[in-house]
Amino acid sequence: QFQVVLEGEIDGVLVCGLPDRIDSLGDLKYRMIDVKVVNPIKLDSPQKWLWNAEESGYIHQAALYQHLFALKQGIDKNNIEFCHVAGAPVEEGFAISRIYKIPQPLINEAFDDIRRALAGIKAKKFAPRLVAWEEVEELPSSRPILMTQEEEDAELYGENPNQG
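Reading the values: the criteria
- Residues numbered from 1 in each chain as written.
- Predicted model: local features only at pLDDT ≥ 70, side-chain atom pairs only at ≥ 80, totals over all residues.
- Heavy atoms only, no water.
- Helix = DSSP H or I, 4+ residues; strand = E, 2+ residues; numbered from the N terminus.
- Polar contact = N/O pair within 3.5 Å; in protein donor to acceptor, adjacent residues only side chain to side chain.
- Contact = heavy atoms within 4.5 Å.
- Core = buried A, V, L, I, M, F, W, Y, C linked by side-chain atoms within 4.5 Å.
- Buried < 20%, exposed > 50% of the residue type's maximum accessible area, 1.4 Å probe, protein only.
- Phe/Tyr/Trp six-rings, centres within 6.5 Å; stacked < 30°, edge-to-face > 60°.
- Lys NZ or Arg CZ within 6 Å of the ring centre and 35° of its normal.

J.: Would you take a moment to explain the side chain of Asp-23 for this structure?
T.: With respect to the helices and strands, Asp-23 occurs in strand S3 (residues 21-26). A distance of 2.7 Å separates polar atoms of two side chains, one belonging to Asp-23 and the other to Arg-21. With residues near it in sequence (within four places) discarded, Asp-23 still touches Lys-29, Tyr-30, Arg-31 and Ile-33.

Have a look at this one:
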């Protein structure tokens, strides 16, 4: 199944999600897959990917999707493994680079974080957002969207700092 709309409640708060893919493995077991397009440097190792996934909120997203699908199916969330298919752009186009299975204990911790955050929101105890949407600035269209690391360094630092 692709792009399945999931919705349900967590501690009385209505939430929803849209995982990219859900595969049945038989015996009421499933694999959820979420596709991520990232900078190739983030795919150097499973440890680097996991750090990136935690910092980017992808583990929390996995916890939400897993919980909602378990509710919908009436199954234990431990019967749902969660994977990221992480791809990176290359000069010739786009290449799928890595598949990472996210450890269930991390997903469980992230779900506990979600529950704490929702409790704070319900109690109106949360930090205001740091940036308002109306403060977002659009970059000029002449700037390339995808740059190599060398191009990005040149834009940030001027000429290539590695050259003598």
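There's plenty left to go through after this.
J.: Teacher, can you tell me more about the nonpolar core here?
T.: The biggest cluster of nonpolar side chains holds 34 residues, and the ones touching the most others in it are Met-32 and Trp-49. Elements with a minimum of two residues in this core: strand S1 (6-10), strand S2 (13-17), strand S4 (29-37), helix H1 (46-55), helix H2 (58-73), strand S5 (80-90), strand S6 (93-102) and helix H3 (104-122). The leading source of residues in this core is H2, at nine residues.

J.: Looking at this structure, I do not really get the packing of aromatic side chains. What am I missing?
T.: Here a ring pair, both rings aromatic, is described through the centre-centre distance and the interplanar angle of the planes. Within this structure, the stated rule accounts for four aromatic pairs. Residues Tyr-30 and Phe-69 carry aromatic rings whose centres are separated by 4.9 Å and whose planes lie at 80 degrees to one another, so their mutual orientation is edge-to-face. Separated by 39 residues along the polypeptide, Tyr-30 in strand S4 and Phe-69 in helix H2 bring together distant segments of the chain. For the pair shown, Tyr-30 and Phe-69 are each scored as buried. With a centroid separation of 6.5 Å and 45 degrees between ring planes, the pair formed by Tyr-65 and Phe-82 is classed as tilted. Taken together, the residues span a long stretch of sequence, with Tyr-65 in helix H2 and Phe-82 in strand S5 at a distance of 17 residues. Among the residues examined, Tyr-65 registers a relative accessible area of 7% and is labelled buried. Members of the aromatic cluster, each reached through a chain of ring pairs, are Trp-49, Tyr-58 and Tyr-100. Between the NZ or CZ atom of Lys-36 and the centre of the ring of Tyr-58, over which it lies, the distance is 4.2 Å.

J.: Can you walk me through unusual backbone geometry in this structure?
T.: With the exception of glycine, the majority of residues adopt a negative phi angle, and the majority of peptide bonds are in the trans configuration. For Asp-27, which is not glycine, the phi torsion reads 50 degrees and is therefore positive. Relative to the assigned elements, Asp-27 resides in the loop between S3 and S4. For Asp-27, a relative accessible area of 74% translates into the label exposed. Residues other than glycine seldom take positive phi values, yet Lys-124 does so here, at roughly 55 degrees. Of note, Lys-124 is situated in the loop between H3 and helix H4 (149-157). Accessibility expressed as a relative area gives 72% for Lys-124, which makes it exposed.

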